[in-house]
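# Reading the structure
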Amino acid sequence: MAVGKGDENGGPVAAKTDFGAVPWPRKLSTKLLGLTILFVLIAEVLIFIPSIANFRLRWMEERLATAAAASVVLVQSDAGELSPSLREDVLMALGAKAIAVRTGGISSLLVVSDMPPQVDEHIQPMRVQPLPAMLGALDTLVSGGDRMLRVFGRVGESDMEFELIIPDKGLRNAMLIYARNVAILSLLISLITAGLVFFAIHAIMIRPIRELRNSMVAFADAPDDPTRVLRPSGRRDELGVAEQGLSLMQAELQRTLGEQKHLADLGLAVSKINHDMRNILASAQLMSDRLQSVDDPSVQMIAPKLLRAIDRAVSYTEGVLAYGRAQEPPPARRILRLSRLVDDVYSMLGLDASSAIECVNAVDPDLEVDADSEQLFRILTNLARNAVQAMSSDMDGAVVRRLTVSADRQGSVSRIFVEDTGPGLPAQARDNLFAAFRGSARSGGTGLGLAIAHELVRAHGGSIDLVESIGGRTVFAIAIPDQPVRLQDARRTLHRPAREA
């Protein structure tokens, strides 16, 4: 899917994708049909070779059997009494040059006509092995036609061995006719088989794959159109699983695109009020600066906190679009006293005595954390504000409402725990934890607080996890490792006193 530069409101626009029609020779159905015909023809060729070899042997056996029948008649009569024309008729009927019979170790030439000077090949059809038979058949088809064969062997129950001298021209002609008939029949069988296989596979595979392809193309053209999401056909095979996966992927992508458009619209709306908001805050800064000149102790106690709050608000207005349009800046890490930062977080929650929410700072005053002060403040503020909102929804005065922040250190990793006694996160929030617009724990929330906290913690190379969430106890754990010390910096630090000395 191609994405355009943006619409007039700043949101991303999906460019129309034109994949074009697939040419007929490159279609899967065309390739499938051609491969099916090819494979069936190969199978027919593999069947044809043994078949033509068997035809060759059967042809010689038939000629030998006919010669044996004629030889029995000739042996029982006086061969010398046969007229030359009768001998010619016997040999012509067989297509042979000579007929002989061997009995009792003695060979007798019964009929002969134009005896050849030599015999090219001696064949005993009943004892030829399969491989030599196939090789002989191929040799006859390719190079035969002018050879003289001696075909011999026993026929039936007779004790006599019959011999036949015969040219292979007639055999080769018969084999060529047989091969032609087999080739025509094989081609017809190939076409019929290929057609049946093609239509079966086309219905089972090609058409569903084409529907998947059309769905992807249609969805790419308009990914924001709910009607473009594929509806699975309900098949239970691999293609059915692929349909379900594609449908889920399209639905998830459509939901993600909607969230991105929401973020883009939000960034555009905030950018329009950002300039005016900075002017208002600048005026508030000027007025708050004058409060420092007031001698009232209460004002002197509140003024520094008010100044810090306004400074942070100014900083936030300048970077409020960072989540929707760009990444957060890399953390500027320093060594912080976490206990004081937690006090600042509590002071920003705006809780009064009527809220009945107790804020407990259980962090050791001497515990130090290697982190960005502003980003860690935002992380804890988002978690604390979510906890306060969850506990404020409970109107039962007897329910304990307590927010506790504690921390410890394990080696080079600082662990911070934010615990509240609220009702716990709902199932939908737990399933979409740290996902913007889906991980909200309350109705009407955006879930951006946890998403921002997750992004900032990861920028520190750490992790944030939901340890527990049940009625009356919800605990988030933040782990932030100290930034590694580069070897070159450590060496400079170690050698600096020696150089100064």
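Details of the structure are given in the entry above.
For every chain, the first residue of its written sequence is number 1, and the numbers climb from 1 along that sequence. Side-chain atom pairs in this predicted model are given and counted only at pLDDT of 80 or more, local residue features only at pLDDT of at least 70, and totals for whole chains, interfaces and linings cover all residues. Excluding hydrogens and water, the side-chain figures rest on all heavy atoms present in the structure.

## Describing the overall build of the protein
- Of regular secondary structure, the protein possesses twelve helices and 14 strands.
- Remark: exposure states derive from per-residue accessible area (1.4 Å probe, protein chains only) relative to the maximum for the residue type, with buried under 20%, exposed over 50%, and partly exposed in between. Split into buried and exposed, the 501 residues of the protein put 34% on the buried side.
- Partitioning the intrachain contacts of the protein with sequence separation of at least 6 by distance along the chain shows that 67% fall at a separation of at least 24.
- Note that accessible areas follow from Shrake-Rupley with a 1.4 Å probe, and for residues the cover is restricted to the protein chains shown. With the model as given, the accessible surface of the protein reaches about 29,900 Å², and the carbon-plus-sulfur share is 58%. In DSSP terms, a helix is any run of H or I states spanning at least four residues, a strand is any run of E spanning at least two, and both are numbered starting from the N terminus. Contacts are assigned to residue pairs that have any heavy atoms within 4.5 Å of one another.

## Observations concerning the pattern of salt bridges
- The working definition used for a salt bridge is a side-chain nitrogen of Lys or Arg within 4 Å of a carboxyl oxygen of Asp or Glu. Scanning the entire structure with this criterion turns up 14 salt bridges.
- Arg 58 is paired through a salt bridge with Glu 61; the nearest N and O atoms lie 2.4 Å apart. Residue Arg 58 and its partner Glu 61 are located together in helix α1 (residues 28–76), separated by three residues, close to a single helical turn.
- Arg 415 is paired through a salt bridge with Asp 408; the nearest N and O atoms lie 2.9 Å apart.

## A short note on the packing of helix α8 (residues 338–348) against helix α9 (residues 373–392)
- Following both chains from N to C, one finds α8 and α9 inclined at 50 degrees, their axes separated by 10 Å at the closest point. What the angle tells us is that α8 and α9 run oblique. In terms of crossing hand, the pair formed by α8 and α9 is right-handed. Each of Leu 338, Leu 341, Val 342, Asp 344, Val 345 and Met 348 in α8 lies in contact with α9, whose residues at this interface are Ser 373, Leu 376, Phe 377, Leu 380, Thr 381, Ala 384 and Arg 385.
- Only Asp, Glu, Lys and Arg are considered charged, only Ala, Val, Leu, Ile, Met, Phe, Trp, Tyr, Cys and Pro nonpolar, and every remaining residue, Gly among them, polar. Class assignment of the residues belonging to the contact of α8 with α9 gives a composition of nine nonpolar, two polar and two charged. Note on definitions: angles span 0 to 180 degrees between N-to-C directions of axes, and those axes are lines fitted to C-alpha atoms, for helices only across the stretch in contact. By definition in this entry, angles of less than 35 degrees are roughly parallel, angles greater than 145 are roughly antiparallel, angles of 65 to 115 are roughly perpendicular, and the rest are oblique. Rotating anticlockwise by less than a right angle from the far helix to the near helix defines a left-handed crossing, while the corresponding clockwise rotation defines a right-handed one.

## Quick notes on the packing of aromatic side chains
- Any two rings among Phe, Tyr and Trp, with Trp reduced to its six-membered ring, count as a pair given centres within 6.5 Å; such a pair is stacked if its planes are under 30 degrees apart, edge-to-face if over 60, and tilted if neither. The final tally for this structure, using the stated rule, is one aromatic pair.
- Ring geometry for Phe 55 versus Tyr 178: centroids 4.6 Å apart, planes at 10 degrees, classification stacked. Residue Phe 55 is found in helix α1, and its partner Tyr 178 is found in helix α4 (residues 169–221); the two are separated by 123 residues along the sequence.
- Take Phe 55: its relative accessible area is 22%, and that puts it in the partly exposed class.
- Relative accessible area serves as the criterion here: at 24%, Tyr 178 is assigned to the partly exposed category.
- For a Lys NZ or an Arg CZ to count as sitting over a ring, it must be within 6 Å of the ring centre and within 35 degrees of the ring normal. The residue whose ring lies beneath Arg 150 is Phe 152, and the NZ or CZ to ring-centre distance is 4.2 Å.

## Examining the sheet that holds strand β4 (residues 106–112)
- Here a strand pair is declared whenever DSSP counts at least two bridges between the two strands. Taken together, five strands build an open sheet; the order of strands is β4-β3-β7-β6-β5 and the sheet is mixed. Pairing within the sheet leaves two strands with one partner each, and these edge strands are β4 and β5 (121–123). Direction aside, neighbouring strands of the sheet carry axes that sit 20 degrees apart on average.
- Here strand β6 (residues 148–154) runs beside strand β7 (residues 161–167); their pairing, made up of seven bridges, is antiparallel. In the strand pairing of β7, Arg 150 is matched with Ile 165.

## With respect to the nonpolar core
- Within this scheme, the nonpolar core is defined by two criteria: the residues are buried Ala, Val, Leu, Ile, Met, Phe, Trp, Tyr or Cys, and they are joined through side-chain atoms within 4.5 Å. Membership of the largest hydrophobic core comes to 38 residues, with the highest contact counts inside it found for Leu 338, Leu 376, Leu 380, Leu 403 and Ile 478.
- If you list the elements that add at least two residues to this core, you get α8, β10 (368–371), α9, β11 (402–410), β12 (413–420), α11 (448–459) and β14 (473–481).
- Examining the composition of this core, we find that nine residues originate from one element, α9, more than from any other.
- Ignoring any residue separated from it by four or fewer positions in sequence, one finds Leu 380 in contact with Leu 338, Leu 341, Val 342, Val 345, Ile 416, Val 418 and Ile 478.

## Topic: a nonpolar patch on the surface
- What goes into a patch is any residue over 30% in relative accessible area without a salt bridge, connected to like charges within 9 Å or, for nonpolar side chains (Val, Leu, Ile, Met, Phe, Trp, Tyr), within 5 Å. Together, Leu 35, Leu 38, Phe 39, Ile 42 and Leu 46 make up an exposed nonpolar region whose accessible area comes to about 500 Å².
- With respect to the helices and strands, Leu 35 occurs in helix α1.
- Judged by its relative accessible area of 43%, Leu 35 falls in the partly exposed class.

## Notes on the environment of Phe 55
- Sequence separation between Phe 55 and Tyr 178 is 123 residues, and the spatial gap between their C-alpha atoms is 8.3 Å.
- Discounting residues that sit within four places of it in the chain, Phe 55 has contacts with Ala 174, Met 175 and Tyr 178.

Nothing here speaks to function; it is all geometry.
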